[in-house]
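Inside the fold
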Amino acid sequence: QQQVKQSPQSLIVQKGGIPIINCAYENTAFDYFPWYQQFPGKGPALLIAIRPDVSEKKEGRFTISFNKSAKQFSLHIMDSQPGDSATYFCAASGGRRALTFGSGTRLQVQP
Amino acid sequence: DVKVTQSSRYLVKRTGEKVFLECVQDMDHENMFWYRQDPGLGLRLIYFSYDVKMKEKGDIPEGYSVSREKKERFSLILESASTNQTSMYLCASSLWGGAGAGGYTFGSGTRLTVV
């Protein structure tokens, strides 16, 4: 049973576009929602994270939107660049439990 | 620069072998984790440890065991390797307080092939 569902599986945008990656969760005990970025040959690295007491968080060109009632959250990348090409994972956890990850989205930003 | 180091980048093992994957962190983190990464499935939790000699099963512990004798070292053991354990294995660590305290630091992964 996949507790965090991520879509799309892959995404191609032009430079300057705004890719959007969506995640949905089922467990209402989740209270921490990070996004990780992974480049080829590297482990994932924390990009940005949100708690359910806010509906939006921005860090530079990256924005998380959170909808608690729908149990959904999404990552938006403003003014995307070729250097943003990577695999992105959403995740969720509650209390002291380990992170549960989504299935990943491979993003390609074309010059 | 803080880091999580996995002992091998690539490993090839035979079916039935006992396999040890080693992970060391230098950040004095309490929590350590083992995930496997497969295309289309994301990262799936195998085991985690929140203290020395403590361990908890994750979502897919079958066929695996772990050892944490020292705070900085967390080992994943494949008791009898099988071809369906061919995967990328990722080790991670985090501060006490778990995911909310700065997130996980991942190693670069071990690509294991079982033939």
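In what follows, the accompanying structure is described. (Residues numbered from 1 in each chain as written. Chains lettered and ligands numbered in written order. Predicted model: local features only at pLDDT ≥ 70, side-chain atom pairs only at ≥ 80, totals over all residues. Heavy atoms only, no water.)

1. Overview of the state of the cysteines
Residue and element names in this part refer to chain B. Applying the stated criterion across every chain, the model contains 2 disulfides over all chains. Note that C23 is cross-linked by a disulfide to C91, the S-S spacing being 1.9 Å. Taking the torsion about the S-S bond as the criterion, the C23 to C91 disulfide, at about -80°, is left-handed. Here the residue C23 occupies a position in strand β4 (residues 23-25), and C91 occupies one in strand β10 (residues 87-94), the gap between them amounting to 68 residues. Pair check on accessibility: C23 and C91 agree, each one buried. (Disulfide = S-S within 2.5 Å. Helix = DSSP H or I, 4+ residues; strand = E, 2+ residues; numbered from the N terminus. Buried < 20%, exposed > 50% of the residue type's maximum accessible area, 1.4 Å probe, protein only.)

2. Quick notes on the interface of chain A and chain B
Tallying the contact residues gives 19 residues for chain A and 23 residues for chain B. Between chain A and chain B, the buried area comes to about 1,600 Å², and carbon and sulfur atoms account for 54% of it. For chain A, the biggest contributors to the area lost against chain B are R96(A), A98(A) and F101(A); these three give 29% of the whole. At the junction of chain A and chain B, the tally comes to 0 salt bridges. In this assembly, chain A and chain B are joined by 5 residue pairs in polar contact (both at pLDDT 80 or more). Within the side of chain A that touches chain B, the residues separate by chemical class into 8 nonpolar, 7 polar and 4 charged. (Contact = heavy atoms within 4.5 Å. Buried area = accessible area lost by both parts, 1.4 Å probe. Salt bridge = Lys/Arg side-chain N within 4 Å of Asp/Glu carboxyl O. Polar contact = N/O pair within 3.5 Å; in protein donor to acceptor, adjacent residues only side chain to side chain. Nonpolar A, V, L, I, M, F, W, Y, C, P; charged D, E, K, R; others polar.)

3. Re the pattern of salt bridges
Oppositely charged side chains can pair when the atoms bearing their charge come close. Residues and elements named next belong to chain B. Counted according to the given criterion, the structure contains 9 salt bridges over all chains. Taking the shortest distance from any N to any O, the salt bridge between D38 and R36 comes out at 2.8 Å. Classification of R36 as buried rests on a relative accessible area of 7%. The salt bridge partner of R44 is D38, with a shortest N-O separation of 2.9 Å. Look at D38 and you get buried, because its relative accessible area is 11%.

4. A short note on the sheet that holds strand β6 (residues 56-59) of chain A
All names here are of chain A. A sheet is described by the order of its strands in space; here 5 strands give the open sequence β1-β3-β8-β7-β6, paired in antiparallel fashion. The two strands at the open ends of the sheet, each matched to only one other strand, are β1 (4-7) and β6. On average, each strand axis in the sheet is tilted by 15° relative to the strand beside it, whichever way the strands run. Note: strand β3 (residues 20-25) against strand β8 (residues 72-77), 5 bridges, orientation antiparallel. Opposite I21, over in β8, you have L75 as the bridge partner. (Pairing = 2+ DSSP bridges. Axes fitted to C-alpha atoms, helices over the stretch in contact; angles between N-to-C directions.)

5. Thoughts on unusual backbone geometry
For the peptide bond that leads from S7(A) to P8(A), omega is -5°, which places it in the cis range. Position of P8(A) relative to the elements: it lies in the loop between β1 and β2 (10-14). A positive phi angle is found at K71(A), which is not glycine, with a value near 55°. Despite not being glycine, K53(B) has its phi angle at roughly 65°, a positive value.

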